[in-house]
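Listed below, chain by chain, are the residues.
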Amino acid sequence: MLRIVRRSSALALALVLGAPVVVGLPPLEPGPAAALPTGFTQQVVFAGLTRPTKLVFAPDGRVFVAEKSGIVKVFDGLADSTPTVVADLRTQVYDYDDLGLIGLALPPTFPTDPYLYVSYTYDGVVGGGAPTYRDNCTSQNNCVASARVSRLRLAGDVATGAEQVLLHDWCHQIESHSIGDLAFGPDGALYVTGGDGASATFTDYGQAGSPANPCADPPGPAGAAMTPPSAEGGALRSQDIRTPGDPTGLSGTLIRISPNTGAGLPDNPLAASTDPNNRRILAYGLRNPYRWTFRPGTSEVWLGDVGWRTWEEINRVVDPAVGPVRNYGWPCYEGNAPQGGYNAANLTLCESLYAAPAGTVTPPYHTYQHSQQVAPGDGCRTGGSAPSGVAFYPGSGGGYPATYAGALFFADYSRGCVWAMRAGANGLPDPARIVPFAAAPGVADLRIGPENDLYYVDLLGGTVRRFHYNSGNRAPAAAVVATPTSGTAPLTVSFDAVGSTDPDTGDILEYQWDFTGDGTVDATGLTASHRYTAVGTYTARLRVVDFAGLADTATVQIRVGTSAPVPVIDTPTAALRWSTGDTVTFSGRATDPQQGALPPSALSWTLVNRHCSTPENCHSHPVRELTGVSSGTFVAPDHEYPSYLELTLTARDGTGLTGSTTLRLDPKTVQLNLATRPAGLRVNLNGRTLTTPYAVQVIAGSTTTVSAPGPQRLGPATYAFESWSDGGAATHVITAPATSRSYTATYDGAPGSCADGFGYVCTTAGGRPFLPADEVILPLTGDNGVAPVTLPFPVPFYGQSYTRAWVDINGSLSFADPGGSYPTNKALPSTARPNATLYPFWDDIVLHPDSSVRTALLGGTPDRQFVVEWRNVGLYGASAARISFQVLVSEWGQITFNYTALNAGRELGNSATIGIENPAGTDAVQYSVNQLVLANGKAIVFTPPA
């Protein structure tokens, strides 16, 4: 399933085609603020499904739906509300977290060719037996599984005979990015995608697993540790075809195979290869190509590839069967840029790709960033993102407005939205013409139906829905509220239809009430009431009719003499704080007012991982479900923070009435304090590039990959990595400790230099003393101010000689009257004032009562030095900051900046300019601007030309 950068509800009510969302369905998660485009309605087609993932329309009118657990159901048509179970693959399917039954396809000649094709995560290793884990991984990041493509022969609505396995591959040991979708192409071949099988939490090059390397990824055998730069496991499986010295796996690829044998077809681009998987591959370098489609009338494949830290991609594979085989770059690239985590790890497979000629990596057709809206004004939440459906609207013949002809509809599970990328002048979807379309919470698939309406599969709500367009009179939407819905007999219930609406302004509606579901209209009007005298469960029905006879129906169940069971979760309690890998024991019970204590067979449990981009913006990863037990255990997942778990206990009594209770379980978190020596260098943590010092909150026990890339430039110096404080390699794994901890990367800095056009050269030097200026205290106080000083000797500076200077509180010394004090720093050079200036620490400085600016003359002719010292000064907006720095100007023109009492943050220069500038503001030596480059005892020396 999807992995993102996810609430769980099951439905009990199945509605017929045309019934909009009604009472009894779960509430939608947040979606677009705007309504559907004018003329469109969203309608529930099928309900009562359990974690549906895929929808397929058969040529004979039947509709097949796959459920994540491994069950395939078929509906006789769009009006059928009672599906038949076609196949039960739950023994083989590994239904855990993002894994499960993902793909479903029918051959173009179905039912003459009576096969149903499936793609799913297998509950075991390649060639092994199932079930191995029984939908529960008890060893975090260490449950080796695989994936299958199979076909089932149907006899009517039911699979018959043994499953025919066409392909068994895609080894992985982490619960995400397994198998993807499958479909028949216009050429009759079977096309399949697969994910990289890697972690969605940390930079994964194959280092997880105990024993190591359980999938035997190169360059070492199973059991051999994976380390940069040679590692080729984890996400690097997506680049496996580039390592011809070992057999190729299918992770992160699009393949084309025979629907009868699973072999690569003889006209595939690499059909002459000796490797059987090479012969199958059409494209690679994909992360999680979960959903994809063909563009009508062409052989083009359009993939929604789920990204990681920053970018989501829509990729276009032009004429894939003809070739060449294209590389889409993952994990070395994400979007159009190198991926920070894998770049920082200095992996050979990525470094060689970065050095390859332009065009080696095929760029995405379209990208969108996690922090940005997909379309202006779409109202969709930002943060986490995951493409989860793509479908082309027909270029002609559809019932939608012409503006949607040839448009690519695409959906995002995390954002809960659907957009339309409308066609441009060339007939292709135009990224500049994306418009918002609809809210679609839980969307896991998009399909165009037989009448050319757009359908989507709602994983979380257990429904299949469609978007219908009507340019004329449109049906009303019924909504009913009943008060109360249960109680002892006799029970009087008030009914209210005030929430019912009609999309056509001015329509007069009629309200028809059937209180007992016997087909008789018992009352009319916007409100009504009914007295139930007999014990029982009744379905009250509201039918809303407009003036043209279009109608909609809503129902609500009334239970007389019965009350819902009351479940109780005994353990754990909300006080629990779990760490990754902890085994958590849960237990519960339920009582029913009529039946008393319910047996374990009446109980079911659901565990959901709620992953948040902000504390208020979360999406759901269904982890596992367990039925018929009163207790059990689960292993706390490895996930990035912020995230938490929801454990739901549902009880069902003998009449089918249910009650649920949900417990939120928050993790134990710790802080990883990342630093470098010197400060201000960059490290990479799980794909995020961070400037040190930096503190990250993580879940205790979680897996983190940290990299200290090098060499790096900071100011004029170049730094090479030496060591981590925990003894790890430049790139290594940190298992988050039980308490907060600091990790420091030490770098060895080369002296470096900087220069300008005039001939000044800048160097850094250690060991130079800080020389206090104790002769004169300048009359400077408070926030802003300038004081003139007479220089004790002529100072040569940019070819001129100066005998006077102006000292600014804000960390600068000018040889020309600046005309005021300047608290806002800028980059150099700049023709704006001040000019002819030395900037040892140009920032917004405050002089406190114990601060001062001082001068002194040191040494004797011809080596005299004039010193200006800013002593114990503060920084505006940082009440605790205190620093001291000085300028030393020599008689022959050398300039030295010295620093002491520096600690962190702004004190190290991340809001200051350091450098010198000529009188015209046209040339300068800029050492740094807003960088953490300063250190105690490190002098910056500016030497003039001879």
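In this report, the structure presented in the accompanying data block is examined.

Observations regarding the overall build of the protein chain
Then, number 1: Each helix and strand in the protein chain was counted, giving two helices and 67 strands.
Then, number 2: In terms of its C-alpha atoms, the protein chain occupies a principal-axis envelope of roughly 110 × 70 × 60 Å.
Then, number 3: Within the protein chain, the fraction of its 946 residues that count as buried is 57%.
Then, number 4: Averaged over its 58 positive side-chain charges, the protein chain has a centre that lies 1 Å from the centre of its 78 negative ones.

A few points about unusual backbone geometry
Most peptide bonds take the trans configuration, and most residues that are not glycine carry a negative phi.
Then, number 1: Cis geometry marks the peptide bond from Arg 677 to Pro 678; its omega dihedral reads 5°.
Then, number 2: Turning to its location among the elements, Pro 678 is positioned in the loop between β44 (669-677) and β45 (682-685).
Then, number 3: Of note in this structure, Trp 170 is not a glycine but carries a positive phi near 60°.
Then, number 4: Mapped onto the elements, Trp 170 comes out in strand β9 (residues 158-172).

Describing the environment of Val 545
Then, number 1: With respect to the helices and strands, Val 545 occurs in strand β34 (residues 536-545).
Then, number 2: Expressed as a C-alpha distance, the spacing of Val 545 and Gln 512, which sit 33 residues apart in the sequence, is 8.1 Å.
Then, number 3: Not counting residues up to four positions away in its chain, the partners in contact with Val 545 are Ile 508, Leu 509, Glu 510, Gln 512, Leu 550 and Ala 551.

Digging into the pairing of strand β3 (residues 63-67)
Then, number 1: With five of five residues buried, β3 is to be regarded as a mostly interior element.
Then, number 2: Residues Val 63, Val 65 and Glu 67 point to one face of β3 and Phe 64 and Ala 66 to the other, with burial holding for every one of them.
Then, number 3: Counting the residues in the hairpin turn of strand β2 (residues 52-57) and β3 gives five residues, including Gly 61, whose phi is positive at 100°.
Then, number 4: Pairing analysis gives four bridges linking β3 to strand β4 (residues 71-75), with the strands arranged antiparallel. The residue bridging Val 63 from the neighbouring strand is Phe 75, located in β4.
Then, number 5: What sits between β3 and β4 in their antiparallel hairpin is a turn of three residues, with Gly 70 showing a positive phi close to 120°.

A look at the sheet that holds strand β7 (residues 115-122)
Then, number 1: One open sheet accounts for four strands, arranged β6-β7-β8-β9; its pairing is antiparallel. Of all the strands in the sheet, just β6 (101-105) and β9 have a single pairing partner and so form its edges. Recorded for the sheet is a direction-independent mean angle of 20° between the axes of neighbouring strands.
Then, number 2: Bridge count for β6 against β7 is four bridges, and the pairing is antiparallel. Bridge pairing in β7 places Leu 104 opposite Val 118.

With respect to the nonpolar core
Then, number 1: If you look at the biggest cluster of nonpolar residues, it comprises 70 residues, and the most contacted ones within it are Phe 815, Leu 838, Phe 897 and Ile 916.
Then, number 2: Once residues within four sequence positions are removed from consideration, Phe 897 is found in contact with Leu 838, Tyr 839, Pro 840, Gln 886, Val 887, Ile 914, Gly 915, Ile 916, Lys 938, Ala 939, Ile 940 and Phe 942.
Then, number 3: Grouped together as the second largest cluster of nonpolar side chains are 30 residues, Leu 99, Ala 145, Leu 603 and Leu 607 included.

Topic: the state of the cysteines
Then, number 1: All told, the structure shown has five disulfides when counted by the stated rule.
Then, number 2: The disulfide that involves Cys 137 links it to Cys 143, with 2.0 Å between the sulfurs. Because the torsion about its S-S bond is 90°, the bridge between Cys 137 and Cys 143 counts as right-handed.
Then, number 3: On the accessibility criterion, Cys 137 (2% relative accessible area) is buried.

About the thresholds
Residues numbered from 1 in each chain as written. Predicted model: local features only at pLDDT ≥ 70, side-chain atom pairs only at ≥ 80, totals over all residues. Heavy atoms only, no water. Helix = DSSP H or I, 4+ residues; strand = E, 2+ residues; numbered from the N terminus. Buried < 20%, exposed > 50% of the residue type's maximum accessible area, 1.4 Å probe, protein only. Lys, Arg positive; Asp, Glu negative; His and termini not counted. Charge placed at Lys NZ, Arg CZ, Asp CG, Glu CD. Contact = heavy atoms within 4.5 Å. Pairing = 2+ DSSP bridges. Axes fitted to C-alpha atoms, helices over the stretch in contact; angles between N-to-C directions. Core = buried A, V, L, I, M, F, W, Y, C linked by side-chain atoms within 4.5 Å. Disulfide = S-S within 2.5 Å.

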